[in-house]
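Below are the chains, spelled out letter by letter.
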Amino acid sequence: MVVTSAMLVQLLMLLRCLALTVGQYSSCKSLVSTDDGPTWEYYACQPRPMAMKQYMQIKVEPPGITCGDPPERFCTLENPYLCSDECDASTPELAHPPNLMADAEDSGSPITYWQTVTWSRYPEPLLANISLSWNKSLELTDDVLVTFEYGRPTIMVLDKSLDKGRSWQPYQFYADDCLEAFGMPAKRVQDLAATNVTRVICTEQYSRWVGSKNEKNVRFEVRERFAIFAGPGLRNMDSLYTRMESMKGLRDFFTFTDLRLRLLRPALGGTYVQRDNLLKYFYAISNVEVPARCKCNLHADQCSVRDGALQCDCEHNTTGQDCARCEKGYKAKSWKPGSYLPTPNGSPNTCEYQNNPQHPNPPTYTHTHTHTHTHTQTQPRTYSKTPQLLLAHTQQYPNTCE
(Lines give C-alpha, C1' and ligand atoms only; values in the text may rest on other atoms or scores of the structure.)
Protein backbone atom coordinates (compact mmCIF):
# COMPACT_ATOMS: atom_id res chain seq x y z
CA MET A 1 0.00 0.00 0.00
CA VAL A 2 1.38 3.41 -1.04
CA VAL A 3 0.99 6.13 1.59
CA THR A 4 0.58 9.50 -0.12
CA SER A 5 1.31 12.84 1.50
CA ALA A 6 -2.41 13.63 1.51
CA MET A 7 -3.15 10.41 3.39
CA LEU A 8 -0.41 11.25 5.88
CA VAL A 9 -1.89 14.68 6.46
CA GLN A 10 -5.32 13.12 7.04
CA LEU A 11 -3.83 10.64 9.46
CA LEU A 12 -2.05 13.39 11.36
CA MET A 13 -5.27 15.41 11.56
CA LEU A 14 -7.15 12.36 12.83
CA LEU A 15 -4.54 11.75 15.54
CA ARG A 16 -4.72 15.39 16.57
CA CYS A 17 -8.50 15.31 16.74
CA LEU A 18 -8.42 12.18 18.86
CA ALA A 19 -5.98 13.82 21.26
CA LEU A 20 -8.09 16.97 21.52
CA THR A 21 -11.39 15.22 22.14
CA VAL A 22 -10.09 13.07 25.00
CA GLY A 23 -10.35 16.01 27.39
CA GLN A 24 -8.99 19.48 28.00
CA TYR A 25 -5.33 19.53 29.06
CA SER A 26 -5.27 15.72 28.99
CA SER A 27 -2.39 15.43 26.53
CA CYS A 28 1.05 17.05 26.51
CA LYS A 29 1.60 16.81 22.76
CA SER A 30 0.07 16.00 19.41
CA LEU A 31 1.57 15.15 16.03
CA VAL A 32 0.72 17.86 13.48
CA SER A 33 1.48 18.46 9.84
CA THR A 34 3.52 21.50 8.75
CA ASP A 35 5.14 22.70 5.53
CA ASP A 36 8.36 21.11 6.79
CA GLY A 37 6.69 17.79 7.54
CA PRO A 38 5.18 16.15 10.64
CA THR A 39 6.19 17.71 13.95
CA TRP A 40 5.13 17.59 17.57
CA GLU A 41 2.95 20.38 18.95
CA TYR A 42 3.08 20.77 22.74
CA TYR A 43 0.41 21.82 25.23
CA ALA A 44 -0.13 22.47 28.90
CA CYS A 45 -1.19 19.14 30.37
CA GLN A 46 -2.27 17.48 33.59
CA PRO A 47 -2.88 13.89 34.76
CA ARG A 48 -6.36 12.48 35.04
CA PRO A 49 -7.99 12.43 38.50
CA MET A 50 -7.65 9.26 40.56
CA ALA A 51 -9.19 7.75 43.69
CA MET A 52 -6.35 8.76 45.99
CA LYS A 53 -7.46 6.58 48.88
CA GLN A 54 -5.63 3.66 47.25
CA TYR A 55 -2.33 5.50 47.75
CA MET A 56 -2.84 7.15 51.15
CA GLN A 57 -1.02 6.33 54.37
CA ILE A 58 -3.26 6.45 57.45
CA LYS A 59 -2.14 7.39 60.95
CA VAL A 60 -4.49 7.68 63.93
CA GLU A 61 -3.71 9.43 67.22
CA PRO A 62 -3.46 9.36 70.17
CA PRO A 63 -2.02 5.87 70.77
CA GLY A 64 -4.69 3.50 72.01
CA ILE A 65 -7.58 5.41 70.44
CA THR A 66 -8.56 2.45 68.21
CA CYS A 67 -10.90 0.07 70.02
CA GLY A 68 -10.17 -3.57 70.75
CA ASP A 69 -7.12 -3.61 73.02
CA PRO A 70 -8.40 -4.48 75.53
CA PRO A 71 -11.70 -5.84 74.12
CA GLU A 72 -14.66 -3.57 74.73
CA ARG A 73 -18.43 -3.74 74.41
CA PHE A 74 -20.37 -0.91 72.76
CA CYS A 75 -23.96 0.13 72.07
CA THR A 76 -25.62 2.18 69.33
CA LEU A 77 -27.51 5.43 69.69
CA GLU A 78 -30.66 3.79 68.31
CA ASN A 79 -30.42 0.88 70.79
CA PRO A 80 -28.49 2.42 73.70
CA TYR A 81 -29.18 -0.39 76.18
CA LEU A 82 -28.55 -3.33 73.85
CA CYS A 83 -24.80 -3.44 74.34
CA SER A 84 -24.13 -6.80 72.71
CA ASP A 85 -21.57 -5.61 70.13
CA GLU A 86 -17.89 -6.08 70.86
CA CYS A 87 -14.62 -4.73 69.50
CA ASP A 88 -11.69 -7.11 69.92
CA ALA A 89 -8.39 -6.45 68.13
CA SER A 90 -7.29 -10.07 68.57
CA THR A 91 -10.28 -11.44 66.61
CA PRO A 92 -10.34 -10.46 62.92
CA GLU A 93 -14.13 -10.56 62.72
CA LEU A 94 -14.42 -8.16 65.66
CA ALA A 95 -11.44 -5.89 64.96
CA HIS A 96 -11.78 -2.37 63.55
CA PRO A 97 -8.27 -1.21 62.53
CA PRO A 98 -7.55 2.07 60.65
CA ASN A 99 -6.93 0.41 57.28
CA LEU A 100 -10.65 -0.40 57.05
CA MET A 101 -11.24 3.27 56.22
CA ALA A 102 -9.60 2.70 52.83
CA ASP A 103 -10.58 -0.84 51.86
CA ALA A 104 -12.98 -1.64 49.04
CA GLU A 105 -16.51 -2.44 50.20
CA ASP A 106 -17.87 -5.51 48.41
CA SER A 107 -21.52 -5.39 47.46
CA GLY A 108 -23.54 -7.65 49.71
CA SER A 109 -20.76 -8.03 52.29
CA PRO A 110 -20.88 -6.50 55.76
CA ILE A 111 -19.54 -2.95 55.96
CA THR A 112 -16.06 -2.70 57.45
CA TYR A 113 -14.97 0.31 59.47
CA TRP A 114 -12.40 1.77 61.83
CA GLN A 115 -13.71 2.45 65.34
CA THR A 116 -12.45 4.24 68.41
CA VAL A 117 -12.78 3.36 72.08
CA THR A 118 -15.99 4.53 73.74
CA TRP A 119 -16.31 7.71 75.78
CA SER A 120 -15.81 5.92 79.07
CA ARG A 121 -13.56 8.70 80.42
CA TYR A 122 -16.21 11.41 80.13
CA PRO A 123 -16.07 14.37 80.90
CA GLU A 124 -12.53 14.16 79.50
CA PRO A 125 -12.96 14.91 75.76
CA LEU A 126 -12.96 12.00 73.33
CA LEU A 127 -10.45 13.26 70.76
CA ALA A 128 -9.04 11.50 67.71
CA ASN A 129 -6.81 12.67 64.85
CA ILE A 130 -6.71 10.86 61.51
CA SER A 131 -3.84 11.91 59.23
CA LEU A 132 -3.96 10.94 55.55
CA SER A 133 -0.61 11.28 53.78
CA TRP A 134 0.55 10.88 50.18
CA ASN A 135 4.10 12.28 50.27
CA LYS A 136 3.18 14.18 47.10
CA SER A 137 1.49 17.43 46.14
CA LEU A 138 -2.05 16.73 44.94
CA GLU A 139 -4.96 18.82 43.71
CA LEU A 140 -8.58 18.14 44.61
CA THR A 141 -10.87 17.51 41.65
CA ASP A 142 -14.14 16.63 43.41
CA ASP A 143 -15.67 16.45 46.89
CA VAL A 144 -13.80 14.83 49.75
CA LEU A 145 -16.25 12.33 51.26
CA VAL A 146 -16.00 10.77 54.72
CA THR A 147 -18.56 8.09 55.64
CA PHE A 148 -19.34 7.60 59.32
CA GLU A 149 -21.10 4.65 60.89
CA TYR A 150 -23.23 5.06 64.06
CA GLY A 151 -23.56 8.82 63.62
CA ARG A 152 -21.53 11.78 62.37
CA PRO A 153 -19.46 13.83 64.83
CA THR A 154 -21.11 16.87 66.35
CA ILE A 155 -17.78 18.75 66.21
CA MET A 156 -14.99 18.12 63.70
CA VAL A 157 -12.27 19.95 61.77
CA LEU A 158 -10.73 19.11 58.40
CA ASP A 159 -7.14 20.35 58.11
CA LYS A 160 -4.69 20.30 55.23
CA SER A 161 -0.92 20.44 54.92
CA LEU A 162 1.13 21.73 52.02
CA ASP A 163 4.48 20.53 53.39
CA LYS A 164 3.97 16.83 54.06
CA GLY A 165 2.61 17.27 57.57
CA ARG A 166 5.15 19.68 59.01
CA SER A 167 2.51 22.40 59.38
CA TRP A 168 -1.28 22.44 59.16
CA GLN A 169 -4.05 24.89 58.36
CA PRO A 170 -7.81 24.49 58.74
CA TYR A 171 -9.74 23.62 55.59
CA GLN A 172 -13.27 23.55 57.05
CA PHE A 173 -14.98 23.49 60.44
CA TYR A 174 -18.00 21.29 61.19
CA ALA A 175 -20.32 21.61 64.20
CA ASP A 176 -23.94 21.31 65.22
CA ASP A 177 -23.55 24.84 66.64
CA CYS A 178 -20.75 26.78 64.95
CA LEU A 179 -20.98 29.80 67.23
CA GLU A 180 -20.71 27.69 70.36
CA ALA A 181 -17.99 25.38 69.08
CA PHE A 182 -15.74 27.79 67.15
CA GLY A 183 -17.15 31.29 67.57
CA MET A 184 -17.97 31.38 63.86
CA PRO A 185 -21.29 32.01 62.13
CA ALA A 186 -22.65 29.00 60.26
CA LYS A 187 -22.28 29.14 56.47
CA ARG A 188 -22.69 26.91 53.45
CA VAL A 189 -20.63 26.88 50.29
CA GLN A 190 -23.73 28.20 48.52
CA ASP A 191 -23.26 31.40 50.56
CA LEU A 192 -19.82 32.01 49.03
CA ALA A 193 -19.09 34.12 45.96
CA ALA A 194 -16.22 34.45 43.50
CA THR A 195 -14.55 37.04 45.74
CA ASN A 196 -14.42 34.81 48.85
CA VAL A 197 -14.54 31.24 47.51
CA THR A 198 -11.33 30.36 49.39
CA ARG A 199 -12.71 31.45 52.76
CA VAL A 200 -12.52 28.83 55.50
CA ILE A 201 -16.06 28.37 56.80
CA CYS A 202 -17.89 26.51 59.55
CA THR A 203 -20.89 24.51 58.40
CA GLU A 204 -23.70 22.90 60.41
CA GLN A 205 -24.92 20.95 57.38
CA TYR A 206 -23.23 17.65 58.31
CA SER A 207 -23.24 17.65 62.12
CA ARG A 208 -26.83 17.79 63.30
CA TRP A 209 -28.48 14.55 64.31
CA VAL A 210 -30.75 13.04 61.67
CA GLY A 211 -30.29 9.39 62.63
CA SER A 212 -27.14 7.38 62.08
CA LYS A 213 -28.60 5.50 59.11
CA ASN A 214 -30.35 8.39 57.38
CA GLU A 215 -27.21 10.35 56.56
CA LYS A 216 -23.69 9.05 57.04
CA ASN A 217 -21.57 11.35 54.88
CA VAL A 218 -19.54 14.44 55.63
CA ARG A 219 -18.30 16.41 52.64
CA PHE A 220 -15.72 19.00 51.82
CA GLU A 221 -17.45 20.59 48.85
CA VAL A 222 -15.11 21.05 45.90
CA ARG A 223 -17.61 20.72 43.05
CA GLU A 224 -19.82 23.52 44.44
CA ARG A 225 -16.79 25.80 44.71
CA PHE A 226 -15.88 25.05 41.10
CA ALA A 227 -19.48 25.79 40.09
CA ILE A 228 -19.14 29.38 41.35
CA PHE A 229 -16.99 29.95 38.25
CA ALA A 230 -17.99 27.14 35.88
CA GLY A 231 -21.73 27.36 36.48
CA PRO A 232 -24.28 24.58 37.16
CA GLY A 233 -23.08 21.25 35.85
CA LEU A 234 -19.60 22.76 35.37
CA ARG A 235 -20.40 23.48 31.74
CA ASN A 236 -18.14 26.53 31.48
CA MET A 237 -14.81 25.06 32.52
CA ASP A 238 -12.89 27.67 30.52
CA SER A 239 -14.13 30.28 32.99
CA LEU A 240 -12.81 28.21 35.88
CA TYR A 241 -9.43 27.67 34.21
CA THR A 242 -9.18 31.40 33.53
CA ARG A 243 -9.85 32.19 37.19
CA MET A 244 -7.22 29.67 38.22
CA GLU A 245 -4.71 31.86 36.40
CA SER A 246 -5.98 35.27 37.47
CA MET A 247 -7.19 34.81 41.06
CA LYS A 248 -4.43 34.74 43.64
CA GLY A 249 -4.52 31.73 45.94
CA LEU A 250 -7.27 29.85 44.09
CA ARG A 251 -5.07 27.01 42.81
CA ASP A 252 -3.28 26.73 46.13
CA PHE A 253 -6.61 26.42 47.95
CA PHE A 254 -7.24 23.04 46.30
CA THR A 255 -3.63 21.86 46.70
CA PHE A 256 -2.42 19.62 49.55
CA THR A 257 0.04 16.89 50.49
CA ASP A 258 -1.83 15.64 53.58
CA LEU A 259 -5.31 15.86 55.05
CA ARG A 260 -6.23 15.50 58.70
CA LEU A 261 -9.56 14.88 60.43
CA ARG A 262 -9.74 16.20 63.98
CA LEU A 263 -12.69 14.51 65.68
CA LEU A 264 -13.61 16.64 68.69
CA ARG A 265 -17.02 15.37 69.87
CA PRO A 266 -18.93 12.25 68.78
CA ALA A 267 -22.57 11.96 67.77
CA LEU A 268 -24.87 12.44 70.77
CA GLY A 269 -28.18 11.33 69.30
CA GLY A 270 -29.69 14.81 69.29
CA THR A 271 -29.52 15.26 73.05
CA TYR A 272 -27.01 15.84 75.84
CA VAL A 273 -24.42 13.36 77.01
CA GLN A 274 -26.07 10.69 79.14
CA ARG A 275 -23.53 9.74 81.79
CA ASP A 276 -25.30 6.54 82.74
CA ASN A 277 -24.47 4.97 79.34
CA LEU A 278 -21.22 6.14 77.79
CA LEU A 279 -20.75 2.99 75.70
CA LYS A 280 -22.84 4.48 72.88
CA TYR A 281 -20.46 7.38 72.20
CA PHE A 282 -17.55 6.75 69.83
CA TYR A 283 -16.37 7.44 66.28
CA ALA A 284 -16.53 4.96 63.39
CA ILE A 285 -15.48 5.60 59.77
CA SER A 286 -16.11 3.11 56.98
CA ASN A 287 -14.80 5.03 53.97
CA VAL A 288 -12.75 8.05 52.92
CA GLU A 289 -12.84 9.21 49.30
CA VAL A 290 -10.31 11.76 48.05
CA PRO A 291 -10.71 12.42 44.29
CA ALA A 292 -7.59 14.27 43.19
CA ARG A 293 -4.80 14.40 40.64
CA CYS A 294 -1.07 14.63 40.98
CA LYS A 295 0.14 18.20 40.91
CA CYS A 296 2.62 18.37 38.02
CA ASN A 297 2.55 22.12 37.34
CA LEU A 298 0.93 21.46 33.95
CA HIS A 299 4.07 19.66 32.76
CA ALA A 300 2.82 16.03 32.74
CA ASP A 301 -0.22 14.06 31.64
CA GLN A 302 0.71 10.89 33.54
CA CYS A 303 1.46 10.11 37.17
CA SER A 304 2.78 6.75 38.33
CA VAL A 305 4.16 5.02 41.40
CA ARG A 306 7.95 4.79 41.39
CA ASP A 307 10.20 3.97 44.34
CA GLY A 308 7.09 3.60 46.48
CA ALA A 309 5.80 7.13 45.85
CA LEU A 310 3.63 8.94 43.33
CA GLN A 311 5.72 10.72 40.70
CA CYS A 312 4.82 12.92 37.75
CA ASP A 313 6.07 11.66 34.37
CA CYS A 314 7.46 15.04 33.39
CA GLU A 315 7.52 16.62 29.93
CA HIS A 316 8.62 20.07 28.69
CA ASN A 317 12.26 19.48 29.76
CA THR A 318 11.23 19.45 33.42
CA THR A 319 11.96 16.93 36.14
CA GLY A 320 11.27 16.17 39.82
CA GLN A 321 8.36 14.66 41.70
CA ASP A 322 6.13 17.65 40.77
CA CYS A 323 8.00 18.67 37.56
CA ALA A 324 9.11 21.70 39.55
CA ARG A 325 12.58 22.21 38.08
CA CYS A 326 14.40 22.03 34.74
CA GLU A 327 16.27 18.99 33.57
CA LYS A 328 20.06 19.03 33.54
CA GLY A 329 21.30 20.94 30.53
CA TYR A 330 18.45 23.47 30.65
CA LYS A 331 18.40 26.89 32.32
CA ALA A 332 17.28 26.43 35.93
CA LYS A 333 15.91 29.97 36.09
CA SER A 334 13.79 29.41 32.99
CA TRP A 335 11.44 27.06 34.86
CA LYS A 336 7.83 28.19 35.05
CA PRO A 337 4.63 26.26 35.65
CA GLY A 338 2.45 25.74 32.63
CA SER A 339 -0.58 27.94 32.03
CA TYR A 340 -4.22 27.16 31.34
CA LEU A 341 -4.27 30.18 29.03
CA PRO A 342 -4.99 30.68 26.26
CA THR A 343 -7.73 28.08 26.23
CA PRO A 344 -8.26 25.42 25.04
CA ASN A 345 -4.65 24.17 25.00
CA GLY A 346 -2.88 26.51 27.38
CA SER A 347 0.81 27.43 27.29
CA PRO A 348 3.24 24.71 28.38
CA ASN A 349 6.24 26.81 29.45
CA THR A 350 9.21 24.70 28.60
CA CYS A 351 12.63 24.98 30.16
CA GLU A 352 15.10 26.75 27.89
CA TYR A 353 18.19 24.99 26.60
CA GLN A 354 21.44 26.01 28.29
CA ASN A 355 23.67 27.28 25.47
CA ASN A 356 27.23 25.99 25.53
CA PRO A 357 29.78 27.53 23.11
CA GLN A 358 31.49 24.16 22.76
CA HIS A 359 28.20 22.36 22.12
CA PRO A 360 25.84 24.87 20.46
CA ASN A 361 23.14 22.36 19.51
CA PRO A 362 20.57 20.98 21.95
CA PRO A 363 21.19 17.38 23.04
CA THR A 364 19.27 14.54 21.47
CA TYR A 365 17.68 12.38 24.12
CA THR A 366 14.99 9.78 24.60
CA HIS A 367 12.47 10.32 27.38
CA THR A 368 10.70 7.07 28.28
CA HIS A 369 7.58 6.83 30.40
CA THR A 370 7.59 3.51 32.20
CA HIS A 371 4.00 2.73 31.30
CA THR A 372 3.07 4.48 28.08
CA HIS A 373 5.11 5.98 25.29
CA THR A 374 8.63 6.94 24.19
CA HIS A 375 9.59 10.01 22.24
CA THR A 376 12.85 11.43 20.94
CA GLN A 377 13.53 15.13 21.35
CA THR A 378 16.00 16.78 18.96
CA GLN A 379 15.32 20.45 19.59
CA PRO A 380 14.25 22.56 22.57
CA ARG A 381 10.49 23.04 22.94
CA THR A 382 9.14 26.52 23.59
CA TYR A 383 6.05 27.24 25.62
CA SER A 384 4.59 29.76 28.17
CA LYS A 385 3.50 29.87 32.02
CA THR A 386 1.62 28.47 35.33
CA PRO A 387 0.28 25.29 37.42
CA GLN A 388 -2.66 22.86 37.23
CA LEU A 389 -5.55 21.02 38.85
CA LEU A 390 -9.30 20.66 38.37
CA LEU A 391 -12.14 18.36 37.86
CA ALA A 392 -12.20 15.54 35.32
CA HIS A 393 -14.22 16.65 32.39
CA THR A 394 -14.28 15.65 28.77
CA GLN A 395 -15.20 18.95 27.14
CA GLN A 396 -14.77 18.53 23.40
CA TYR A 397 -13.51 21.28 21.18
CA PRO A 398 -16.21 22.90 19.01
CA ASN A 399 -16.21 21.76 15.40
CA THR A 400 -12.42 21.62 15.08
CA CYS A 401 -12.43 18.06 13.77
CA GLU A 402 -15.62 17.91 11.78
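One structure accompanies this document, and this report is about it.

Brief notes about the environment of V146
Inference 1: Tracing the backbone shows V146 in strand β9 (residues 144-148).
Inference 2: Looking at V146, the relative accessible area reads 4%, which means it is buried.
Inference 3: Separated by 144 residues in sequence, V146 and V290 place their C-alpha atoms 8.8 Å apart.
Inference 4: When neighbours within four sequence positions are excluded, V146 is seen to be in contact with K216, N217, V218, L261, I285, N287 and V288.

So, the sheet that holds strand β15 (residues 284-289)
Inference 1: Pairing within the open sheet is antiparallel, and its four strands lie in the order β7-β15-β9-β13. Taken across any chain shown, the strands that pair with only one partner, and hence form the sheet edges, are β7 (114-115) and β13 (217-220).
Inference 2: Alignment of β9 against β13, held across four bridges, turns out to be antiparallel. Note on β13: the bridge partner recorded for V144 is F220.

Overview of empty space enclosed by the protein
Inference 1: Applying the stated rule across the entire model yields three cavities of 30 Å³ or more.
Inference 2: Counted as a void, the second largest cavity has a volume near 40 Å³.
Inference 3: Lining the second largest cavity, in full, are V144, L145, V146, M156, L158, Y174, V218, R219, F220 and L261.
Inference 4: Of all the secondary structure elements, the ones that give two or more residues to the lining of the second largest cavity are β9, β10 (155-161) and β13.
Inference 5: Considering only residue class, the lining of the second largest cavity consists of nine nonpolar, no polar and one charged.

Quick look at the pairing of strand β11 (residues 169-175)
Inference 1: Across the seven residues of β11, five count as buried, placing the element largely inside the fold.
Inference 2: Here six bridges tie β10 to β11, and the two strands are oriented antiparallel to one another. Across the sheet, the residue bridging to L158 is Q172, located in β11.
Inference 3: For β11 and strand β12 (residues 202-203), the ladder comprises two bridges, and the chain directions are parallel. Considered in β12, the bridge of F173 is made with C202.

Regarding the layout of surface pockets
Inference 1: Of the voids in this model, the largest pocket is the one considered here, and its volume is about 320 Å³.
Inference 2: Across the lining of the largest pocket, the residue classes tally to seven nonpolar, eight polar and seven charged.

Remarks on the pairing of β9
Inference 1: The buried count for β9 comes to five of five residues, which makes it a mostly enclosed element.
Inference 2: Of the two faces of β9, the one carrying V144, V146 and F148 and the one carrying L145 and T147 are both buried.

What about the packing of aromatic side chains?
Inference 1: Scanning the model with the defined rule gives 18 aromatic pairs in all.
Inference 2: Taking the centre distance of 5.6 Å and the plane angle of 75° together, the rings of Y113 and Y150 count as edge-to-face. Of this pair, Y113 sits in the loop between β6 (85-87) and β7 while Y150 is found in the loop between β9 and β10, placing the two residues 37 residues apart along the sequence.
Inference 3: For Y150, a relative accessible area of 22% translates into the label partly exposed.
Inference 4: For the pair Y150 and F282, a centre-to-centre distance of 5.4 Å together with 65° between the ring planes defines the contact as edge-to-face. A residue pair is termed long-range when its members are at least 10 positions apart, and Y150 in the loop between β9 and β10 and F282 in the loop between β14 (255-265) and β15 qualify at 132 residues.
Inference 5: For F282, a relative accessible area of 3% translates into the label buried.

Thoughts on helix α4 (residues 237-246)
Inference 1: Considered for burial, the residues of α4 that qualify are M237, L240, Y241, M244 and E245. Taken around the axis of α4, the buried residues stretch over an arc of 140°, which confines them to a single face.
Inference 2: Residues of α4 that are buried make contact with α3 (223-230) and α5 (250-253).

Cut-offs and rules
- Residues numbered from 1 in each chain as written.
- Predicted model: local features only at pLDDT ≥ 70, side-chain atom pairs only at ≥ 80, totals over all residues.
- Heavy atoms only, no water.
- Helix = DSSP H or I, 4+ residues; strand = E, 2+ residues; numbered from the N terminus.
- Buried < 20%, exposed > 50% of the residue type's maximum accessible area, 1.4 Å probe, protein only.
- Contact = heavy atoms within 4.5 Å.
- Pairing = 2+ DSSP bridges.
- 1 Å grid on protein atoms, 1.4 Å probe; cavity = no way out; pocket = protein on both sides within 12 Å on 5 of 7 lines; lining within 4 Å.
- Points joined across faces, edges and corners; volume = space filled by probe spheres on them.
- Nonpolar A, V, L, I, M, F, W, Y, C, P; charged D, E, K, R; others polar.
- Phe/Tyr/Trp six-rings, centres within 6.5 Å; stacked < 30°, edge-to-face > 60°.
- Arc of directions from axis to C-beta.

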